[in-house]
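Descriptive analysis of the structure
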Amino acid sequence: MLDGGMLQLPTGQLVMVDPFLGPRLGFAVPLTVTVPPGRYGVSLSVARWDRPRDPNAVAPARRVAAARLTIRDEPVAKWELGLQPGQDPAMLQPGEFFGFVVDSGSGAFLDASAVPALQHLGAPTHDRDPELFKIVPELQSKHVVNLVVNPASGLNVIVFRCGMGDGKYPTWVGRAATGEPTCFLVDLEVLSHSAGPVTG
């Protein structure tokens, strides 16, 4: 398990998105399930292959298999698919799911109020790359970056590598026996694509 730091959620509205979308971040929409405003811990599950299938990969190979935002330390009694407004799970065919699309091999947890600041950091200028690109070396080496987008308030974004790279990933909402949300879990599809021995 890898510690991803504490995420500020001042509105309690959670967004999962590819942080490197730049101008397209304006289309980011929070989930319908909200939580009390606060600071919540992020953790990553990292899968390890001692004998990776790719002959060019350095052994042992490690990939982030899941990213979890913990709201309260209680057992999960029920899992449900995280939805955005207008999404109806009854419309899904077997094997289909709603999720967020990744084009950069990275995903992120952030509060809805942090979207404009992240969009600004990801915007290119006429003579240089976006400021957001500066986190790429740290992200590649550590798998996760706690990016502060507003130093005055501490508003931040937790950016993590997606184990299977580009694609679409579902977010699951864990609920306690009382029905209250206990966590949000992004399944990065690593184990469903694995071949050979895997250790956590």
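First things first, this report covers the structure right here in the doc. (Residues numbered from 1 in each chain as written. Predicted model: local features only at pLDDT ≥ 70, side-chain atom pairs only at ≥ 80, totals over all residues. Heavy atoms only, no water.)

With that settled, consider the pairing of strand β7 (residues 106–111). Here β7 lies mainly inside the structure; 6 of its 6 residues are buried. Neither face of β7 is exposed, since Ser106, Ala108 and Leu110 on one face and Gly107, Phe109 and Asp111 on the opposite face are all buried. Across 5 bridges, β7 lies against strand β9 (residues 155–161) in antiparallel orientation. Paired with Gly107 across the two strands is Phe160, which belongs to β9. (Buried < 20%, exposed > 50% of the residue type's maximum accessible area, 1.4 Å probe, protein only. Helix = DSSP H or I, 4+ residues; strand = E, 2+ residues; numbered from the N terminus. Pairing = 2+ DSSP bridges.)

Its place among the elements puts Asn156 in strand β9. Residue Asn156 is classed as buried on the basis of its relative accessible area, which comes to 2%. A distance of 2.8 Å separates the side chain of Asn156 from the backbone oxygen of Met6, its partner in a polar contact. Excluding residues that lie within four positions of it along the chain, Asn156 makes contacts with Met6, Leu7, Gln8, Leu110, Ala114, Asn146, Leu147, Val148 and Val149. (Polar contact = N/O pair within 3.5 Å; in protein donor to acceptor, adjacent residues only side chain to side chain. Contact = heavy atoms within 4.5 Å.)

Further remarks concern the packing of aromatic side chains. In the structure shown here, the tally under the stated rule is 3 aromatic pairs. Ring centres 6.3 Å apart and planes at 55° place the aromatic pair Phe100 and Tyr169 in the tilted group. In this pair, Phe100 is assigned in strand β6 (residues 100–102) and Tyr169 in strand β10 (residues 167–169), connecting sequence segments 69 residues apart. Here Phe100 falls in the buried class, since its relative accessible area comes to 8%. Where Phe109 meets Phe160, the ring centres are 5.5 Å apart and the plane angle is 50°; that geometry is what we call tilted. Of this pair, Phe109 sits in strand β7 while Phe160 sits in strand β9, placing them 51 residues apart in sequence. Since its relative accessible area comes to 0%, Phe109 is described here as buried. Classification of Phe160 by relative accessible area gives buried; the value is 0%. Between the NZ or CZ atom of Lys168 and the centre of the ring of Phe97, over which it lies, the distance is 5.2 Å. (Phe/Tyr/Trp six-rings, centres within 6.5 Å; stacked < 30°, edge-to-face > 60°. Lys NZ or Arg CZ within 6 Å of the ring centre and 35° of its normal.)

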